Amino acid sequence: MSQAQSRSPESSPANPSPRRRVLIVGGVAGGASCAARLRRLDESVEIVVFDRGPYVAFANCGLPYFVGDVIADERKLLVASPELFRDRFNIAVHTDSDVTGLDPVARTITVHDMVSGEQRTEHYDALVLSPGAAPIRPPLPGIDRPGIFAVRNIPDSRRIRAWIEERQAKTAVVVGGGFIGLEMVENLIHRGLSVTLLEKLPQVMPPLDPEMAEPLMEHLRAKGVDLRLGDGLARVDDGPDGRLQVVAESGTVLPADLVILALGVRPETALARQAGLTIGERGGIVVDRQMRTSDPHIWAVGDVVEVADVLLGQITVLPLAGPANREGRVAAEAIAGRPTQFRGIQATAVVGILGMTVASTGASEKGLRRAGVTNFERVYLHPGHHAGYYPGARPIHLKLLFSVPDGRILGAQAVGMEGVEKRIDVIATTIQFRGTVHDLAEAELCYAPQFGAAKDPVNLAGMLAQNVLNGDMPVASWSELDGTDALIVDVREPEEFALGHIASAVNLPLSQMRVRFRELPETRDILVYCGVGQRAYFATRFLLHQGYRARNLSGGFTTYKAIHPDVAAT
Ligand code: FAD
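Quick look at the structure, then. From a predicted model like this one, the values you see are computed outputs, not experimental measurements.

Each value, and the rule that gives it
What you see as residue numbers is a count from 1 along each chain, following the sequence as written. Where local features are concerned, this predicted model is filtered to residues with pLDDT of at least 70; where side-chain atom pairs are given and counted, the filter is 80 or more; whole-chain, interface and lining totals use all residues. Just so you know, side-chain values use all the structure's heavy atoms and leave hydrogens and water out. The helix count covers DSSP runs of H or I at least four residues long, the strand count covers runs of E at least two residues long, and both are numbered beginning at the N terminus. Summary of the burial criterion: residues with accessible area below 20% of their type's maximum are buried, those above 50% are exposed, and those between are partly exposed, where the area comes from a 1.4 Å probe applied to protein chains only. When checking whether two residues touch, look at their non-hydrogen atoms; a contact exists if any pair is within 4.5 Å. We get accessible surface area from the Shrake-Rupley algorithm with a probe of 1.4 Å; when it comes to residues, only the shown protein chains can shield them. Whenever a helix is involved, its axis is fitted only over the stretch in contact; in every case the axis is a line through C-alpha atoms, and angles between N-to-C directions fall within 0 to 180 degrees. Note on angle classes: values under 35 degrees are labelled roughly parallel, values over 145 roughly antiparallel, values of 65 to 115 roughly perpendicular, and the remainder oblique. Polarity classes work like this: nonpolar for Ala, Val, Leu, Ile, Met, Phe, Trp, Tyr, Cys and Pro, charged for Asp, Glu, Lys and Arg, and polar for all others, with Gly in that last group. Any helix carries an expected span of 1.5 Å times its number of residues minus one. Throughout, near means a residue has at least one heavy atom within 4 Å of the molecule or strand. N or O atoms closer than or at 3.5 Å make up a polar contact, with two conditions inside protein: a donor-capable atom paired with an acceptor-capable one, and, for residues adjacent in sequence, both atoms drawn from side chains. For Phe, Tyr and Trp, where Trp contributes only its six-membered ring, two rings pair if their centres lie within 6.5 Å, and the inter-plane angle classes them as stacked under 30 degrees, edge-to-face over 60, or tilted in between. Consider the ring centre and the ring normal. A charge sits over the ring if Lys NZ or Arg CZ is within 6 Å of that centre and within 35 degrees of that normal. Think of it this way: DSSP has to see at least two bridges between two strands before they count as a pair. Crossover handedness is defined by viewing with both strands directed away from the observer: a clockwise path from the first strand over the helix to the second marks the crossover as right-handed. One side-chain nitrogen of Lys or Arg within 4 Å of one carboxyl oxygen of Asp or Glu is enough to make a salt bridge.

**Here we look at the overall build of the protein chain**
- For the protein chain, the helix and strand inventory stands at 16 helices and 31 strands.
- The principal-axis extents of the C-alpha atoms in the protein chain amount to approximately 95 × 60 × 40 Å.
- Counting over 570 residues, the protein chain shows a buried share of 52%.
- Contacts spanning at least 24 positions in sequence make up 63% of the contacts within the protein chain whose residues lie at least 6 apart.
- Surface exposure of the protein chain reaches about 24,700 Å², of which carbon and sulfur atoms provide 51%.

Written out as structure tokens, the structure reads:
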């Protein structure tokens, strides 16, 4: 192994280049976007990117679809090549180059050339760390057996594809029901495998509140996914016929031809720790709003950093491509001397799974409670994704969280088959402008019958929330039902009531309310519900006018069923 010292690939140590040198570790989302932006801002600076992998600027988000053969041509994953960086931007890219050392005093990094085996030292004036996050691989017995994969890069995906093809794989166990786990479930099913999803929590998609995850879990089961919730991975044994046997913490044995580990990721902080950079409580590198670390010559971006949550003001880590790209851009601007600052994150995310879309932005109800926030309300609604009279309207299950009394939007979650991400994107944008539910009610959005409704689901969510804030529609949550003394009134028609209802409810249809309302006791609190909340809203308004203490059970029976999926005709 030879040792070399380099100040610039274009200059000799005896005649160092006067150009400012910016080195970037990691050439994918954050690193590549930083490099390209910096070149657009400054032609004089020398930019060199190092990545230990064989590619830079590849589409990690496309990897599950490459495994699933939805993206059949591997080259489609390569967004930009080292040649493109060189020719178009005059950026030097070194792949197969592992950065193994960082000396912040000498301002050098140590680069191990994984092809030649050589090691060299590179000097920097500014350094950007964008090494990403590594998949979590818990030290469990059998975890390193062949056939157990994580999905981080193109070689990982290639290995999974080859394993499926060579072994004629028929069954898979995916461990972890977050974004990547779900995308892998979809793509393995797409390849014809039977899939078991093992998730330690009682729900999939941990960012969602449990009742919002329920339609997704129902959908997964309906699509044939063997969903094992509340059960973690204990070990992996060799099984008969060269197969694997996944043993869950419950003792359940799940035979599999392959196992995908999707247990989350951990920031790659080895270099930062070596250099003594400040690491935060969430395990990421601490940066300021210009993405500068505790060392004034080192910036860090992407999955490796801790970021501020704009809604709760908390510090967190958020391994998503959007923030990584924006942070890379901010770091480039800072290095170029501009005052640009990163605004922080609000955790806007979407995943598609076997035809269903799940999206969220901002805080969840459980996140608010964990943070000790109490002055908030929530509404549930289930409108069609476009006008009901136009064929093909599909419901969107939407939950909106907002603060009381100012109506500032705190978060939203939506699940459905069509039009889900569009609504969450509108709400996400409104949150960025510190908008309120009144802004949602007033939002002027696209409408023609095949796209939306004259009152779009976003408008409806805002209007419902306004009704709650101004007292027009006092609401009760499904979580208040246990042990309540209130009279529960189902205002749907008898035939709907017969198909299933809350066990203690009485049926007084809205259509008969005006003649029969005196049957209801004036002395008791009344909780009103219907299918999705609209008829109950009308009934609640009527009962309030008659002097009753009525509240609408938000989201109606649809939301109730989501949290009590076993409810049947009672
Ligand atoms: P990365 O893009 O991971 O790049 C880090 C690079 O640094 C890697 O190539 C690594 O090899 C290299 N590196 C690390 N250490 C060193 C070293 N010491 N020396 C040299 N090189 C090093 N996000 C979304 O928003 N939407 C999605 O749909 C989505 N889907 C995803 C699907 C998968 C399978 C995966 C793995 C991620 C997905 N993500 C998605 C997350 C998103 O890809 C990441 O948040 C984003 O890529 C992070 O960017 P980054 O620059 O921090 O790290």
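Here the narrative resumes.
**Quick word on the packing of helix 6 (residues 210-222) against helix 16 (residues 556-563)**
- As a packed pair, helix 6 and helix 16 sit with axes 8 Å apart at the nearest point and diverge in direction by 80 degrees. Viewed along their axes, helix 6 and helix 16 adopt a mutual orientation that is roughly perpendicular. Here helix 6 contributes Pro 210, Glu 211, Glu 214 and Pro 215 to the contact with helix 16, which in turn contributes Thr 559, Ala 562 and Ile 563.
- When the residues that make up the contact of helix 6 with helix 16 are grouped by side-chain class, the tally is four nonpolar, one polar and two charged.

**Concerning helix 5 (residues 179-190)**
- Over its 12 residues, helix 5 extends 17 Å from the first C-alpha to the last, a length consistent with the 16 Å expected when each residue adds 1.5 Å.
- Once helix 5 finishes, Gly 192 follows within two positions and takes phi at roughly 90 degrees, a positive value.

**With respect to the site of the ligand**
- The immediate surroundings of the ligand are formed by 28 residues, with Gly 30, Asp 51, Ser 130, Asp 303 and Ala 321 found nearest.
- Interatomic distance of 3.3 Å between a backbone N/O atom of Ala 29 and an oxygen atom of the ligand.
- Within the complex, 88% of the 1,000 Å² of free accessible area of the ligand lies under protein.
- The element best represented in the shell around the ligand is strand 5 (residues 97-103), accounting for three residues.
- Residue composition of the shell around the ligand, grouped by class: 15 nonpolar, seven polar and six charged.

**Quick word on the side chain of Ser 360**
- Along the chain, Ser 360 turns up in strand 23 (residues 356-362).
- For Ser 360, the contacting residues outside a window of four places in its chain are Leu 208, Ala 347, Thr 348, Ala 349, Ala 412, Gln 413 and Ile 424.

**A few points about the packing of aromatic side chains**
- Under the counting rule described, the total for this entry stands at seven aromatic pairs.
- The interplanar angle of 75 degrees and the centroid separation of 5.8 Å between the aromatic rings of Phe 149 and Trp 163 together place this pair among those described as edge-to-face. Taken together, the residues span a long stretch of sequence, with Phe 149 in strand 10 (residues 148-149) and Trp 163 in helix 4 (residues 154-167) at a distance of 14 residues.
- Judged by centre distance (6.3 Å) and plane angle (85 degrees), the rings of Phe 517 and Tyr 548 are edge-to-face. In this pair, Phe 517 sits in the loop between helix 14 (510-516) and strand 30 (525-529) while Tyr 548 sits in the loop between helix 15 (534-545) and strand 31 (549-553), placing the two residues 31 residues apart along the sequence. Of the two residues, Phe 517 and Tyr 548, neither departs from the other in class, the shared state being buried.
- In this structure an aromatic cluster arises from ring pairing among Phe 517, Phe 542 and Tyr 548.
- Note that Arg 167 overlies the ring of Trp 163, its terminal NZ or CZ placed 3.8 Å from the centroid.

**Section: the sheet that holds strand 25 (residues 396-403)**
- Across the sheet, which stays open at both edges, the five strands sit in the order 22-23-26-25-24 with antiparallel pairing between neighbours. At either end of the open sheet lies a strand with only one pairing partner, and these are strand 22 (349-353) and strand 24 (376-381). In this sheet, adjacent strand axes meet at a mean angle of 10 degrees when their direction is disregarded.
- The pairing of strand 22 with strand 23 spans five bridges and is classified as antiparallel. Of the residues in strand 23, the one forming a bridge with Ile 353 is Met 356.

**Notes on the sheet that holds strand 27 (residues 475-476)**
- Read across the sheet, five strands follow the order 27-31-30-28-29 without closing on themselves; strand pairing throughout is parallel. With partners counted over all chains shown, the strands left at the sheet margins are strand 27 and strand 29 (506-507), one partner each.
- With four bridges connecting them, strand 30 and strand 31 associate as parallel partners. For Leu 527, the partnering residue across the bridge sits in strand 31 and is Arg 551.

**Thoughts on the pairing of strand 11 (residues 171-175)**
- Along strand 11, five of the five residues are buried, which leaves the element largely enclosed by surrounding structure.
- By the alternation rule, side chains of strand 11 split into Thr 171, Val 173 and Val 175 and Ala 172 and Val 174, which are all buried.
- Sheet topology places strand 11 next to strand 12 (residues 194-199); five bridges connect them, and they run parallel. Across the sheet, Val 175 pairs through a bridge with Leu 198, a residue of strand 12.
- Handedness of the crossover joining strand 11 and strand 12 through helix 5 is recorded here as right-handed.

**Examining the pattern of salt bridges**
- Under the defined criterion, the tally for this structure stands at 32 salt bridges.
- A salt bridge links Lys 200 to Glu 249, with the shortest nitrogen-to-oxygen separation between them at 2.8 Å. Placement of Lys 200 in the loop between strand 12 and helix 6 and of Glu 249 in the loop between strand 15 (244-248) and strand 16 (253-256) is noted, with a sequence separation of 49 residues between them.
- Using a relative accessible area of 53% as the deciding quantity, one classes Lys 200 as exposed.
- Arg 541 is the partner of Asp 472 in a salt bridge, and the nearest nitrogen-oxygen pair spans 3.8 Å. Pair noted here: Asp 472 is in the loop between helix 12 (457-469) and strand 27 and Arg 541 is in helix 15, with a separation of 69 residues, a long-range link.
- Asp 472 sits in the partly exposed class, given a relative accessible area of 27%.
- According to the relative accessible area criterion, Arg 541 is partly exposed, its value standing at 23%.
- It is possible to trace a salt-bridge network through shared partners that takes in Asp 209, Glu 211, Glu 365, Arg 369, Glu 377, Arg 378 and Lys 399.

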